[in-house]
Amino acid sequence: MQITRSKILFEKAKNYIPGGVNSPVRAFRAVGGDPIFIKKADGAFIYDEDDNAYIELINSWGPMILGHNNPMIKEAVIKAMENGTSFGAPTAREIEIAELITQMVPSVEKIRMVNSGTEATMSAIRVARGFTGKDKFIKMEGHYHGHGDSFLISAGSGAITMGAPDSPGVTKGTAKDTLLAPYNDLVAIENLVTANKNEIAALILEPVPGNMGLVLPKEGYLEGLRKICDKEGIVLIFDEVMTGFRLAKGGAQELFGVTPDMTTLGKIIGGGLPVGAYGGKKEIMEHVSPSGPVYQAGTLSGNPIAMAAGLTMLQYLNSHPETYLQLNEIGDKLTTGINQSLSKLGLKYTLNHLGSMYSLFFTDKEIFDFASAKQSDTVLFGKYFQAMLKRGIYLAPSQFESLFLSTSLTDELIAKVLQANEESLMEIHS
Ligand SMILES: *Cc1c(COP(=O)(O)O)cnc(C)c1O
């Protein structure tokens, strides 16, 4: 076997960094082999340290919706850098981005910027608890809300991939306030609410979960959650870190027409820099310090460079609504082509798709929750992943992730992906 630079770097990285990576999803544990180390990225491509080019279908796990190295964002960052990198004091740009977000996502009347999706969800739960004076909250099995203690219970994304949806280090005391329900099951929610009458502060979910692979809400499900939360005085939180600014300019809540009380955002909001945010109804957000008693802070929150990147990204998306038609078209072309290959080869795998997100599950069963997602053949997925990688297509290295398409996928590149897909499916079944 040829010794690649990626291999050498990975061996070295393991001496200093746990598992050689700064986030577990980057390891190739679930698909076999070693991760490739990336040197640079541009448009639809990433390039590894051995100068191999790959067509990108994850896009940094979502943020790079316009493709890599976007010239507008690059220019905004460089311009902002000239005035210093951090002040720890308020800036005009923070008002601009806050105002824009409240226009794009109208349920967000007030917003607080943080540095990651993890911070956004942790803070949102704290605020919901402070607002209601209650301790418990409901989370869905297989949904991922970052790595805050109280969310690492039946968690999706890297946690499922590594076989540890319940993390050691989370105390029983913390875990007891997290109530679990299967996604897409309103009766389960009714039962939890009855069993914990007047004790539930919030219900948090990914309205369209992408962290157990992509799963779609059943007709009436999100509306049903809204009704239960209204009736019981529970704060409904949509974690749109993944779906925000992706499924529509106003996220899943715009697409499905269901309005949460609070929303958490991340990924696209930073244009590729580390940004998260949480917001919602004025009366709830007024509980956040210093206007209210619920404490939440951040040395680098609202960082001028990160705000410049995020603002440029959001301004573009807001003023170019056709971007979403283009993304939908790219998603339709790609998934139609994959379905054609599946039927041509007589394979009955389940392809879940919405807009610019999709997951190919290696099972013929319908995937509508965590239990059904886990029926997928992850060994077969690993072979498919490697077959695609060999052909220059970079997928998420886990069955339990959604793919995220960018506007930089041209028809020509889509054709390449589809050819690699058909060849890979044939290879893993030969
Ligand atoms: C990625 C993600 C998070 C965590 O965001 P980080 O920036 O990685 O901390 C939270 N919720 C959802 C739905 C996500 O997809």
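In this text the structure is predicted, and so the values were computed from the model without any measurement.

Each value, and the rule that gives it
- Residues numbered from 1 in each chain as written.
- Predicted model: local features only at pLDDT ≥ 70, side-chain atom pairs only at ≥ 80, totals over all residues.
- Heavy atoms only, no water.
- Helix = DSSP H or I, 4+ residues; strand = E, 2+ residues; numbered from the N terminus.
- Rg over C-alpha atoms; globule rule 2.2 N^0.38 Å.
- Buried < 20%, exposed > 50% of the residue type's maximum accessible area, 1.4 Å probe, protein only.
- Contact = heavy atoms within 4.5 Å.
- Areas by Shrake-Rupley, 256 points an atom, 1.4 Å probe, with all protein chains shown as cover.
- Lys, Arg positive; Asp, Glu negative; His and termini not counted.
- Charge placed at Lys NZ, Arg CZ, Asp CG, Glu CD.
- Near = heavy atom within 4 Å.
- Polar contact = N/O pair within 3.5 Å; in protein donor to acceptor, adjacent residues only side chain to side chain.
- Expected span 1.5 Å × (residues − 1).
- Phe/Tyr/Trp six-rings, centres within 6.5 Å; stacked < 30°, edge-to-face > 60°.
- Pairing = 2+ DSSP bridges.
- Right-handed = clockwise from strand over helix to strand, strands pointing away.
- 1 Å grid on protein atoms, 1.4 Å probe; cavity = no way out; pocket = protein on both sides within 12 Å on 5 of 7 lines; lining within 4 Å.
- Points joined across faces, edges and corners; volume = space filled by probe spheres on them.
- Nonpolar A, V, L, I, M, F, W, Y, C, P; charged D, E, K, R; others polar.
- Salt bridge = Lys/Arg side-chain N within 4 Å of Asp/Glu carboxyl O.

Some points on the overall build of the protein
Right, on to step 1. A count of helical and extended segments in the protein gives 15 helices and 14 strands.
Right, on to step 2. Its C-alpha atoms give the protein a radius of gyration of 21 Å, within 12% of the compact-globule value 22 Å for 430 residues.
Right, on to step 3. With respect to the three principal axes, the spread of C-alpha positions in the protein is 60 × 55 × 45 Å.
Right, on to step 4. Buried residues in the protein amount to 57% of all 430 residues.
Right, on to step 5. Counting only contacts in the protein whose residues sit at least 6 apart along the sequence, the fraction spanning at least 24 positions is 71%.
Right, on to step 6. Carbon and sulfur atoms make up 53% of the accessible area of the protein, which amounts to about 18,200 Å² in all.
Right, on to step 7. For the protein, the separation between the mean place of its 39 positive charges and that of its 47 negative charges on side chains is 4 Å.

What about the site of the ligand?
Right, on to step 1. Neighbouring the ligand are S116, G117, T118, Y144, H145, G146, E206, N211, D239, V241, M242 and K267.
Right, on to step 2. Between the ligand and T118, the relevant distance is 2.6 Å, taken from an oxygen atom to a side-chain nitrogen or oxygen of the residue.
Right, on to step 3. Within the side chain of D239, one N or O atom sits 2.7 Å away from a nitrogen atom of the ligand.
Right, on to step 4. When the free accessible area of the ligand is taken as 380 Å², the share hidden by the protein chains comes to 83%.

Some remarks on helix α11 (residues 304-319)
Right, on to step 1. In this model α11 runs 22 Å from its N-terminal to its C-terminal C-alpha over 16 residues, within 8% of the 22 Å that 1.5 Å per residue would give.
Right, on to step 2. Judged by how many residues are buried, α11 sits mostly within the fold: twelve of 16 residues are covered.
Right, on to step 3. For α11, every residue scored as buried is listed here: P304, I305, A306, M307, A308, A309, G310, L311, T312, M313, L314 and L317.
Right, on to step 4. In this fold, the buried residues of α11 make contact with α2 (71-81), α3 (92-104), β4 (110-114) and α12 (322-344).
Right, on to step 5. A side-chain oxygen of the first residue of α11 lies 3.0 Å from the backbone nitrogen of I305; this N-cap is N303.

As for the packing of aromatic side chains
Right, on to step 1. For the coordinates displayed, the defined rule picks out ten aromatic pairs.
Right, on to step 2. Ring centres of F362 and F381 lie 6.2 Å apart, and the angle between their planes is 70 degrees; on these two criteria the pair is classed as edge-to-face. Of this pair, F362 sits in the loop between β12 (357-361) and α13 (370-373) while F381 sits in helix α14 (residues 378-390); the two residues are 19 residues apart in sequence, bridging distant segments of the chain.
Right, on to step 3. Assessed through its relative accessible area of 7%, F381 is described here as buried.

A short note on the pairing of strand β8 (residues 235-239)
Right, on to step 1. For β8, the buried fraction is high: five of the five residues fall into the buried class.
Right, on to step 2. Neither face of β8 is exposed, since V235, I237 and D239 on one face and L236 and F238 on the opposite face are all buried.
Right, on to step 3. Judged from the four bridges that link them, strand β7 (residues 200-205) and β8 form a sheet pairing that is parallel. Bridging from a neighbouring strand, L205 pairs with F238 of β8.
Right, on to step 4. Read from β7 through helix α8 (residues 221-232) to β8, the crossover connection turns out right-handed.
Right, on to step 5. As defined by bridge partners, β8 adjoins strand β9 (residues 262-265) across three bridges and the pair is classed as parallel. Within the sheet, the bridge partner assigned to I237 lies in β9 and is M262.

A closer look at empty space enclosed by the protein
Right, on to step 1. One pass over the structure, following the stated rule, counts two cavities of 30 Å³ or more.
Right, on to step 2. Approximately 90 Å³ is the volume attributed to the largest cavity.
Right, on to step 3. Lining the largest cavity we find Y358, S359, L360, F381, Y384, L395, A396, S398, Q399, E401 and L403.
Right, on to step 4. Where the lining of the largest cavity is concerned, the elements lending two or more residues are β12 and α14.
Right, on to step 5. For the lining of the largest cavity, the leading source of residues is β12, giving three residues.
Right, on to step 6. Among the residues making up the lining of the largest cavity, the classes are represented as seven nonpolar, three polar and one charged.

Structural notes on the pattern of salt bridges
Right, on to step 1. Inspection of every chain in the model, using the stated rule, returns 20 salt bridges.
Right, on to step 2. We note a salt bridge from K344 to E422, for which the minimum N-O separation is 2.4 Å. You can see K344 sitting in helix α12 and its partner E422 sitting in helix α15 (residues 411-428), a full 78 residues away along the chain.
Right, on to step 3. By relative accessible area, which is 61% here, K344 ends up exposed.
Right, on to step 4. Judged by its relative accessible area of 18%, E422 is buried.

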